[in-house]
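Residue-level structure breakdown
Chain by chain, the residues:
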Amino acid sequence: MLQFFLFRIFIVILEAMQQIKNYINGALTEPLSKTYLDNFNPSTGKVYSVIPDSDEKDVELAYSAAKAAFKDWSVTSKEKRSAYLLKIAALIEKNLDKLALAESIDNGKPLKLAKTVDIPRAAANFHFYGTGILHYASHAHSMEETAINYTLRQPVGVAGCISPWNLPLYLFSWKIAPALAAGCTVVAKPSEITPMTAFLLSEICIEAGLPAGVLNIVHGLGPKVGNAIVSHKDIPLISFTGGTSTGKSIASIAAPMFKKLSLELGGKNPNIIFADCDYDKMLATTLNSSFANQGQICLCGSRIFVERKIYDKFKTDFITKTKELIVGDPLNEKTKVGAIVSKQHQQKILSYIELAKQEGGKIVCGGKQLNLTNAFSEGYFIEPTIIEGLPYNCRTNQEEIFGPVVTITPFDTEEEALMMANSTVYGLASIVWTQNLTRAHKIANSLHAGIVWINCWLLRDLRTPFGGVKASGVGREGGFEALDFFTEPKNVCIKL
Ligand code: NDP
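Residues numbered from 1 in each chain as written. Predicted model: local features only at pLDDT ≥ 70, side-chain atom pairs only at ≥ 80, totals over all residues. Heavy atoms only, no water.

**Description of unusual backbone geometry**
At Asn455, a position not held by glycine, the phi torsion is positive, near 60°. Despite not being glycine, Leu458 has its phi angle at roughly 65°, a positive value. Tracing the backbone shows Leu458 in the loop between strand 21 (451–454) and strand 22 (473–474). On the accessibility criterion, Leu458 (27% relative accessible area) is partly exposed. (Helix = DSSP H or I, 4+ residues; strand = E, 2+ residues; numbered from the N terminus. Buried < 20%, exposed > 50% of the residue type's maximum accessible area, 1.4 Å probe, protein only.)

This is the structure in structure tokens:
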């Protein structure tokens, strides 16, 4: 009882109007304009903090600090850089409860998810690259007795890192950690919609004693701050995760400036279920891959293709299980589906449900905005929604909805399932359920995707390449691929 009481007091303190600050040159600073934007708690629809409405002048300050810091940081030994990253990882772990609560309030995701996935993964990102850099090696190419080539891998310079709102600290740190490990300094922008844990990360970096200017975090709007980072003439590298249309606009600015670009973009991932699958495992995981984080994970399987032999059984069981999901207060331990991140995004998702109806889809579960009571009466909730009866090539099945909405479609043959799976402009991830090993290999080989999960979902080894094909992005994150991205190879040839 006392614990519950203290927890609620903690929430009240955290929710008391907090002013988020930029983190520039090692200090928490106000935006030069002294203007701020409202930050909403999506589960209550209320403003609970304000964030800097920064602009290109703040970005310039951050760039100058990062440029000055690059001189030392780029030649700091990898052992020392590693020690800083490991210290940050340890501080994230130490502050797990505080960070998880902040993430849940800011984003609307269930606290349990933030505690078990988002924040541990943010710590793991720093830990992974803090140790990974110690094992990063470059190549040598011998020309027998004629010459020897060796390749240096040097940090590129000041890196621009821009991240989205769905997995705020998780994805922010997934860029920052390898950049810092590689010896780059950073100007970063989290999503203006979920800035809180990036702000708390600034405090952690100060506590860790990270040298001033090595990491700079500028808060504000994408078209202002994000655009200023992308179009800055002296920032030679951009690592971006977000929507495909934003990625397109970033590429159009950065490509003529010959910037190095990593773009992790949208998805419309297929989940292909064959009749011979391990049914119970498939059903439990499909529930998760459909609705985890309110369906707002770029890797969610939003198009579910089911072999006709088990389609009716799957449909009945899937609807039953989906109806059991508790939607509501993100801080309640039992909640499985929290609030949608913003009112605007909630409206976008609802408009896609309307579109599905117009396209002839039948809503077999959910389909509506959920109006809760009391503190949550103005929160942004949507019932987990299942739609059937749509052709594979209609807009609902081709465009990214990024919410708790999935379609279910039967198929008869492997070829048909593959054709439908590969029919979108996207190619991020795919999920396949089958016990037939030969078929699993064959399908994995033919899917247009950067990641294929067979009989699982979201099982991640941080050493593996992460990214998509087609409109899902350019380049790969993860493992040494990220360290390659944040370094420039320079070949040295010595004639013997
Ligand atoms: P957006 O593209 O709207 O925004 C992503 C980031 O870019 C935000 O920080 C945003 O700032 C900023 N931004 C917006 N406009 C510009 C601009 N003109 N120049 C520079 N930066 C800009 O995506 P969302 O935040 O809505 O995220 C959801 C999308 O991200 C989905 O499409 C999802 O699939 C994708 N995603 C992809 C992942 C992957 O690994 N492939 C992982 C996670 C998400 P602000 O918020 O202030 O507008």
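**Some thoughts on the pattern of salt bridges**
Inspection of every chain in the model, using the stated rule, returns 19 salt bridges. Taking the shortest distance from any N to any O, the salt bridge between Arg153 and Asp484 comes out at 3.7 Å. With Arg153 in strand 7 (residues 147–155) and Asp484 in helix 16 (residues 479–485), this pair connects stretches of sequence that are 331 residues apart. The class of Asp484 is partly exposed, set by a relative accessible area of 31%. We note a salt bridge from Glu414 to Lys442, for which the minimum N-O separation is 3.4 Å. (Salt bridge = Lys/Arg side-chain N within 4 Å of Asp/Glu carboxyl O.)

**Some points on the packing of helix 6 (residues 168–182) against helix 7 (residues 196–208)**
Pairs of packed helices are described in terms of their axes, by the angle between the two and the distance that separates them. Running from N to C, helix 6 and helix 7 cross one another at 50°; their axes reach a closest spacing of 8 Å. Relative to helix 7, the element helix 6 lies oblique. Between helix 6 and helix 7 lies a crossing whose hand is right-handed. Between helix 6 and helix 7, the residues in contact are Pro168, Leu169, Phe172 and Ile176 and Thr197, Ala198 and Leu201, respectively. Residue composition of the contact of helix 6 with helix 7, by class: 6 nonpolar, 1 polar and no charged. (Axes fitted to C-alpha atoms, helices over the stretch in contact; angles between N-to-C directions. Parallel < 35°, antiparallel > 145°, perpendicular 65-115°, else oblique. Left-handed = near helix turned anticlockwise from the far one by under 90°. Contact = heavy atoms within 4.5 Å. Nonpolar A, V, L, I, M, F, W, Y, C, P; charged D, E, K, R; others polar.)

**Quick word on the site of the ligand**
Around the ligand there are 31 residues in total, and Ser163, Thr246, Leu265, Cys298 and Glu400 lie nearest to it. One of the side-chain nitrogen or oxygen atoms of Lys189 is found 2.9 Å away from an oxygen atom of the ligand. A distance of 3.3 Å separates an oxygen atom of the ligand from a polar backbone atom of Gly242. Taken by itself the ligand offers 890 Å² of open surface, and the protein chains cover 88% of this. Of all the elements in the fold, those that place two or more residues in the shell around the ligand are helix 8 (222–230), strand 11 (237–241) and helix 9 (244–254). In terms of residues, the shell around the ligand owes the most to one element, helix 8, which gives 4 residues. Each of domain 1 (8–266) and domain 2 (270–464) accounts for three or more of the residues forming the shell around the ligand. (Near = heavy atom within 4 Å. Polar contact = N/O pair within 3.5 Å; in protein donor to acceptor, adjacent residues only side chain to side chain. Areas by Shrake-Rupley, 256 points an atom, 1.4 Å probe, with all protein chains shown as cover. Domains from an automatic or database assignment.)

**Let's talk about the nonpolar core**
Proteins that are soluble and globular tend to have nonpolar side chains buried together. Counting 107 residues, the largest nonpolar core has Leu201, Leu215, Leu299, Phe314 and Phe318 as its most contacted members. A total of 11 residues in this core trace back to one element, the largest contributor, which is helix 6. When residues of this core are sorted by domain, at least three fall in each of domain 1 (8–266) and domain 2 (270–464). Every residue in contact with Phe318, bar those within four places of it in the chain, is listed here: Leu283, Thr286, Leu287, Ser290, Phe291, Ile304, Ile386, Val406 and Ile408. (Core = buried A, V, L, I, M, F, W, Y, C linked by side-chain atoms within 4.5 Å.)

**Let's talk about the side chain of Thr424**
In this fold, Thr424 is placed in the loop between helix 14 (414–421) and strand 20 (429–433). Among the polar contacts listed, one links the side chain of Thr424 to the backbone nitrogen of Tyr426, at a separation of 3.1 Å. Ignoring anything within four residues of it in the chain, the contact list for Thr424 reads Lys268, Arg303, Asn397, Gln398 and Lys470.

**Points about the domain arrangement of the chain**
Think of interface size as the accessible area that goes away when the parts come together; that is how it is often given. For the chain, the assigned domains are domain 1 (8–266) and domain 2 (270–464). For domain 1 versus domain 2, the distance between C-alpha centres works out to 30 Å. Contacts between the two partners involve 30 residues from domain 1, matched on the other side by 31 residues from domain 2. Summed over both sides, the interface of domain 1 with domain 2 buries roughly 2500 Å², with 61% coming from carbon and sulfur. In this structure, the connection of domain 1 to domain 2 is made through 1 salt bridge. One can count 6 residue pairs in polar contact (both at pLDDT 80 or more) joining domain 1 with domain 2. Classifying every residue of the side of domain 1 that touches domain 2 gives 14 nonpolar, 11 polar and 5 charged. (Buried area = accessible area lost by both parts, 1.4 Å probe.)

**Digging into the sheet that holds strand 23 (residues 487–495)**
For sheets, the rule is that strands pair by backbone hydrogen bonds, running either parallel or antiparallel. Reading across from one edge, 6-7-23 is the order of the 3 strands in this open sheet, with antiparallel pairing throughout. Both edges of this open sheet fall to strand 6 (140–143) and strand 23, since each of them pairs with a single strand only. Pairwise comparison of adjacent strand axes, ignoring direction, gives a mean angle of 20° for this sheet. Of the pairings in the sheet, the one linking strand 6 to strand 7 comprises 4 bridges and is antiparallel in character. Looking at the pairing, Ser142 lines up with Ile148 of strand 7. (Pairing = 2+ DSSP bridges.)

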